[in-house]
Amino acid sequence: MDVDVSAAAEEERRVFPDEQITVTPSRSAIVLSGHVTTEDIAKRAEMIAAAYSKNVVNVLTFGPVGAQEVLLEVKFAEVDRTAALQLGVNYFLPGSGHTTGTLTTGQYGGSTISTTSTTTQTNGSATTTSTAPTPPTINLTNPLNLFLFRSDINFGVVVQALQQKNLLQILAEPNLIAVNGKEASFLAGGEFPFPIVQPGQGFTAVSISFKEFGVRLRFTPVIMPNGNIHLRVVPEVSELDFADGLTISGFNIPALSTRRADTEFELQDGQSFVIAGLMDNRVTQIANKFPGLGDIPILGNLFKSKNLQKSNSELMVLCTVHRISPSTQAPEGPKNPQPFLDKDKFDGKKPSAGSK
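Throughout what follows, the structure given in this document is the object of discussion. Just so you know, these numbers come straight off a predicted model, no measurement behind them.

On a plain count of helices and strands, the chain comes out with two helices and 18 strands. Across the 356 residues in the chain, those meeting the buried criterion constitute 27%. Of the contacts made within the chain by residues no fewer than 6 positions apart, 64% connect residues no fewer than 24 positions apart.

On to a nonpolar patch on the surface, then. Among the surface-exposed residues, V197, V206, I208, F210 and F251 lie close enough to one another that they form a single nonpolar patch of about 470 Å² accessible area. Here the nonpolar patch gets three residues from one element, more than from any other, and that element is strand β13 (residues 204–223). On the basis of relative accessibility, which here comes to 48%, the residue I208 falls in the partly exposed class.

For the rest of this paragraph, the subject is the layout of surface pockets. Counted as a void, the largest pocket has a volume near 370 Å³. As for the largest pocket, its lining consists of 19 residues, of which D80, E239, D280, S311 and S313 are closest to the centre. Taken together, the elements giving at least two residues each to the lining of the largest pocket come down to β5 (69–93), β10 (155–172), β13, β14 (229–248), β17 (272–289) and β18 (304–324). A total of five residues in the lining of the largest pocket trace back to one element, the largest contributor, which is β18. Here the lining of the largest pocket is built from residues that sort into four nonpolar, eight polar and seven charged.

A word on the nonpolar core. Formed by 26 residues in total, the largest nonpolar core has its most connected members in L72, F76, F219, L231 and F273. Here F273 is in contact with L231, V233, F265, L267, V317, L318 and C319, once residues within four sequence places are set aside. Core analysis: the second largest hydrophobic core is formed by 15 residues, F16, I21, V36 and I48 among them.

The next thing to look at is the pattern of salt bridges. All chains considered together, the criterion is met by nine salt bridges. Across the pair R44 and D40 runs a salt bridge, and its minimum N-O distance is 3.6 Å. One end of the pair, R44, and the other, D40, are both in helix α2 (residues 39–50), four residues apart, so they sit about a helical turn from each other. The partly exposed category is assigned to D40, whose relative accessible area is 46%.

Now for the environment of T320. With respect to the helices, strands and loops of the structure, T320 is situated in strand β18. Residue classification places T320 among the buried positions, given a relative accessible area of 15%. For T320, the contacting residues outside a window of four places in its chain are L71, L72, E73, G270, Q271 and S272. There is a polar contact of 2.6 Å between the side chain of T320 and the side chain of S272.

Here we take up the packing of helix α1 (residues 6–15) against α2. One way to put it is that α1 packs onto α2 with a least axis distance of 10 Å and a crossing angle of 145°. The handedness of the crossing between α1 and α2 is right-handed. Contact residues: α1 offers E11, E12 and V15, while α2 offers A45, I48 and A49. Taken together, the residues of the contact of α1 with α2 break down into four nonpolar, no polar and two charged.

Next up on the list: α1. By the burial criterion, the buried members of α1 are A8, A9 and E12. Seen from one end, α1 has its buried residues packed into an arc of 100°, which puts them on one side. Residues of α1 that are buried make contact with β1 (20–26), β2 (29–36) and α2.

Taking 1.5 Å as the rise per residue, α2 with 12 residues should run 16 Å; its terminal C-alpha atoms sit 17 Å apart, in good agreement. Of the residues making up α2, those classed as buried are I41, A42, A45, I48 and A49. Seen end-on, α2 carries its buried residues on one side only, within an arc spanning 120°. Close packing links the buried residues of α2 with α1, β1, β2 and β3 (56–58).

Counting through the fold element by element, N180 comes out in the loop between β11 (175–179) and β12 (184–199). At a separation of 2.8 Å, a polar atom in the side chain of N180 contacts the main-chain amide nitrogen of I223.

Thresholds, definitions, all that
- Residues numbered from 1 in each chain as written.
- Predicted model: local features only at pLDDT ≥ 70, side-chain atom pairs only at ≥ 80, totals over all residues.
- Heavy atoms only, no water.
- Helix = DSSP H or I, 4+ residues; strand = E, 2+ residues; numbered from the N terminus.
- Buried < 20%, exposed > 50% of the residue type's maximum accessible area, 1.4 Å probe, protein only.
- Contact = heavy atoms within 4.5 Å.
- Patch = residues over 30% accessible without salt bridge, like charges linked within 9 Å, V, L, I, M, F, W, Y side chains within 5 Å.
- Areas by Shrake-Rupley, 256 points an atom, 1.4 Å probe, with all protein chains shown as cover.
- Salt bridge = Lys/Arg side-chain N within 4 Å of Asp/Glu carboxyl O.
- 1 Å grid on protein atoms, 1.4 Å probe; cavity = no way out; pocket = protein on both sides within 12 Å on 5 of 7 lines; lining within 4 Å.
- Points joined across faces, edges and corners; volume = space filled by probe spheres on them.
- Nonpolar A, V, L, I, M, F, W, Y, C, P; charged D, E, K, R; others polar.
- Core = buried A, V, L, I, M, F, W, Y, C linked by side-chain atoms within 4.5 Å.
- Polar contact = N/O pair within 3.5 Å; in protein donor to acceptor, adjacent residues only side chain to side chain.
- Axes fitted to C-alpha atoms, helices over the stretch in contact; angles between N-to-C directions.
- Left-handed = near helix turned anticlockwise from the far one by under 90°.
- Arc of directions from axis to C-beta.
- Expected span 1.5 Å × (residues − 1).

Fair warning: the whole summary comes from geometry, so function is off the table for now.
Written as structure tokens, this is what we have:
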């Protein structure tokens, strides 16, 4: 005997207006067919139908629909400000012959004194090498040094003074498409190798593994029944840090400096969100001095050297979400730029008459 399913179908439509649930009779049972968003909705629809009949056949399918896709437009912007200040003094006394003398804190180089010359002579199978004193030769390798020298007293001073400011901006703009309920990821960076010690019987084996670093993004979209898009977004920016690395069995293993965020929220189609405030502030100060002389008030500054570095970087992630459908139209490929040498003007200037 068939059952009356009109009341059960009306109740299913009232409770789940956005789901595709079909209620049909089958002799003494109620059959639920169609597609719903989640497994929980399928179970709840079966419970409602059980109030109208003891026999319920639930053939509902659930899960994301393949035609529903989400586009996430992402912009990574990182501003890195670095300032450095170096100040130090090196003294040297060239003298004559082999008599030389230097006074330095060892933090800055940039000047060397050569007072000998080496001569090699070959006579048949015998080779003779001789070293003879020569007038001192001063070599400067850093053009930013301030060099002072008095030839009458054979005394020289090299002043290391450097002030440097850098501004770096890194911007990546990936566009990711993910099927409803599936995770998509993006990585712009690389992998670095590091050894893994594996103990064995009587010997120890070392295998090489790889760790990813760079600009990374992972997100999982879920289209809600009301049309909003629920997102879980995990942006990450990491870089190699050799200053805090380790050296094990001859292997130099760098550390990772990482900034990561993990958040979930719900947006409408076309809305945007920003993750900002991921700051990285560092101050490094290195001071060296000559023992005793560096402690003299005022004059002790002539026997000191310092290196001060400050860095300030901020990461911002801007994301815009769109609900899209697959397209049958092929996208337009990238355009090949023309070389600038085929232009009559370069940097706004015409070439001279004699140039080609």
